[in-house]
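Summary of the model geometry
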Amino acid sequence: MEETMKLATMEDTVEYCLFLIPDESRDSDKHEEVLQKYIERIMTRFAPMLVPYIWQNQPFNLKYKPGKGSVPAHMFGVTKFGDNIEDEWFIVYVIKQITKEFPELVARIEDNDGEFLLIEAADFLPKWLDPDNSTNRVFFHHGELCIIPAPRKPGAESWLPTTPPTIPQALNIIAAHPEKILASESIRAAVSRRIRGYPEKIQVSLHRAHCFLPAGIVAVLKQRPRLVSAAVQAFYLRDPIDLRACRVFKTFLPETRIMTSVTFTKCLYAQLVQQRFVPDRRSGYRLPPPSDPQYRAHELGMKLAHGFEILCSKCSPHFSDCKKSPVTASPLWASFLASLKKNDYFKVGLGKYLFVISFCRQAEQFSCLSLPSSWDYSSLAMSPGEEILTLLQTIPFDIEDLKKEAANLPPEDDDQWLDLSPDQLDQLLQEAAGKKESESISKEEKEQNYDLTQVSESMKAFISKVSTHKGAELPREPSEAPITFDADSFLNYFDKILGPRPHESDSDDLDEEEFECLDSDDDLDSETHEPGEEASLKGTLDNLKSYMAQMDQELAHTCIGKSFTTRKQVEPVSQTTDNNSDQEDSDTGESVMAPVDVDLNLVSNILESYSSQAGLAGPASNLLQSMGVQLPDNTDHRPTSKPTKN
């Protein structure tokens, strides 16, 4: 972590760091020893939740990282979560709980996108906060999300640096002003909503299915259920070289297959089900006809067996003779196991010592034994294939006993969630965004009672919001007050573009501060104008209106002008008009410009754009949905025509 954190690869990766709050009473010479003990305490405390969790690629892990530059020594971890985004948010929950149970710790977390916690709460962030100045500002402390603010004016708050803080500065600020850096309630609620339901949510993300598997795989999965993720990934990411090992199976023979129940995450199950695959005829894996009730179990078992065979083919069969771990021979290993026993680790039903050893290797937790920092702990971790072969050699199993268990399998879960209807998908997206309808209204009732004025009103609200070169703001509430108009800033803006006044400079650059002032919808101080200034303002606005009227006259007879629907086209023209006006029109010979019906043109064009999307995502639906406007489905397949106003 250099000032913050730099991701080692471009894969979907999350990195997290845990820092100790500065304490003068703490012996700086024993900083490494203190952090090593914290790692042991954290991993022991959260082992019941972390160990049985089925990770997509890599598990949660922590190791000691020495200080470098201005970054002090800290605990560091990195996890590749791949396609399962829930792994990342589960780690956010774990980090939050760690800082809650260890209040002397401060945590930072980010992924390939950077400050993804701020991205999740983007609708509620203060205007001053952007990716350019968010470095080292977002932390977890006492189980709460904290954002170190920026001073409103240089030197206004002496404890706040004018530039993004360094890690030591951030830690000192958190220690001295914990109540002033707490993120707003709306920001904390947005992040909390994303991790709501953990740890119970872990069970909801699982899917249990029957699989017809070789007995060796059944025995391995009984001891290591999490190895299913490595097997699914091996099959999902297979290449022609991997499939060479599956022409003739050497480790998992198809003749030993039995029925069993396998626990997947929903992400892993979807990856396995959605891929079409025909096994090599030489492999011995043959499937029943698709009409067979057990076809899905045979297909899943065949795919999973290929994944396990690929994993085992990537390691030497003699690896156990040349790879010995010196750690288990260390006296510190006995003290580590004693610590696990003391904390009732083995009373949570997690298995045998071998399970703990494997977990420590895969999570690279040998650092908690206070071994020399020069050790290469990653070299001690076994690959999934080596772990599978080790289990096959060390764990005895009886095929007949496994067949008896197959006769009393629990029912498998329903996988209808794979085939969501559009309405169910919309509901899930709304729930993920924190939007729930207060009343359950039928789809037909919504379509019958739909008011098209919502479209025009929402677009007007959108136009009135702030827009700059950085983007546009979306209206949060329809009842929000309209944007405050500052006449001076408006005139200064046009003077910069159209030409300066005689007493002004020739510079045509628009200062950023003036631009922000023009676009800001914050409250502005009202200023009184002199009579001469008001007359000048009125004259400028009249000139602008005259200029716009001339443009309208020129465009009226073009294709662009004729493409708009005017009120004269949709409303009957009154037969009684003012005599003076008629006389003036006849004298000048100029045609009266019929005003454009803005609302009607807006709605008709939006509906035309929405119809051309053919039910798919597009600009019209995306823009309206972002403002909370849900258009009903287009059930009229006839050629669309512009609506008429009643």
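Quick summary incoming for the structure in this document. Just so you know, these numbers come straight off a predicted model, no measurement behind them.

Moving on, we get to the pairing of strand β6 (residues 144–147). Across 4 bridges, the pairing between strand β5 (residues 138–141) and β6 is antiparallel. From the neighbouring strand, Val 138 faces β6, where its bridge partner is Ile 147. Where β5 hands over to β6, the hairpin turn is made up of 2 residues, of which His 142 adopts a positive phi near 55°.

The subject of this paragraph is helix α10 (residues 266–274). Burial within α10 is extensive, with 7 of its 9 residues counted as buried. Among all positions in α10, only Cys 267, Leu 268, Tyr 269, Ala 270, Gln 271, Leu 272 and Val 273 are buried. Against β7 (206–214), α8 (227–236), β8 (257–265) and α11 (295–313) lie the buried residues of α10.

Running from N to C, α10 and α11 point in directions that differ by 100°, and their axes come no closer than 10 Å. Viewed along their axes, α10 and α11 adopt a mutual orientation that is roughly perpendicular. For the pair α10 and α11, contact is made by Tyr 269, Leu 272 and Val 273 and by Arg 296, Leu 300, Lys 303 and Leu 304, respectively.

Attention shifts here to the pattern of salt bridges. For the coordinates displayed, the defined rule picks out 16 salt bridges. Measuring nitrogen to oxygen at the nearest pair gives 3.0 Å for the salt bridge that ties Arg 224 to Glu 387. Of the two residues, Arg 224 is situated in the loop between α7 (215–223) and α8 and Glu 387 in helix α15 (residues 384–394); the sequence distance between them amounts to 163 residues. By relative accessible area, which is 2% here, Arg 224 ends up buried. Through salt bridges with shared partners, one network takes in Arg 296, Glu 299, Lys 303 and Asp 415.

Definitions and cut-offs
- Residues numbered from 1 in each chain as written.
- Predicted model: local features only at pLDDT ≥ 70, side-chain atom pairs only at ≥ 80, totals over all residues.
- Heavy atoms only, no water.
- Pairing = 2+ DSSP bridges.
- Helix = DSSP H or I, 4+ residues; strand = E, 2+ residues; numbered from the N terminus.
- Buried < 20%, exposed > 50% of the residue type's maximum accessible area, 1.4 Å probe, protein only.
- Contact = heavy atoms within 4.5 Å.
- Axes fitted to C-alpha atoms, helices over the stretch in contact; angles between N-to-C directions.
- Parallel < 35°, antiparallel > 145°, perpendicular 65-115°, else oblique.
- Salt bridge = Lys/Arg side-chain N within 4 Å of Asp/Glu carboxyl O.

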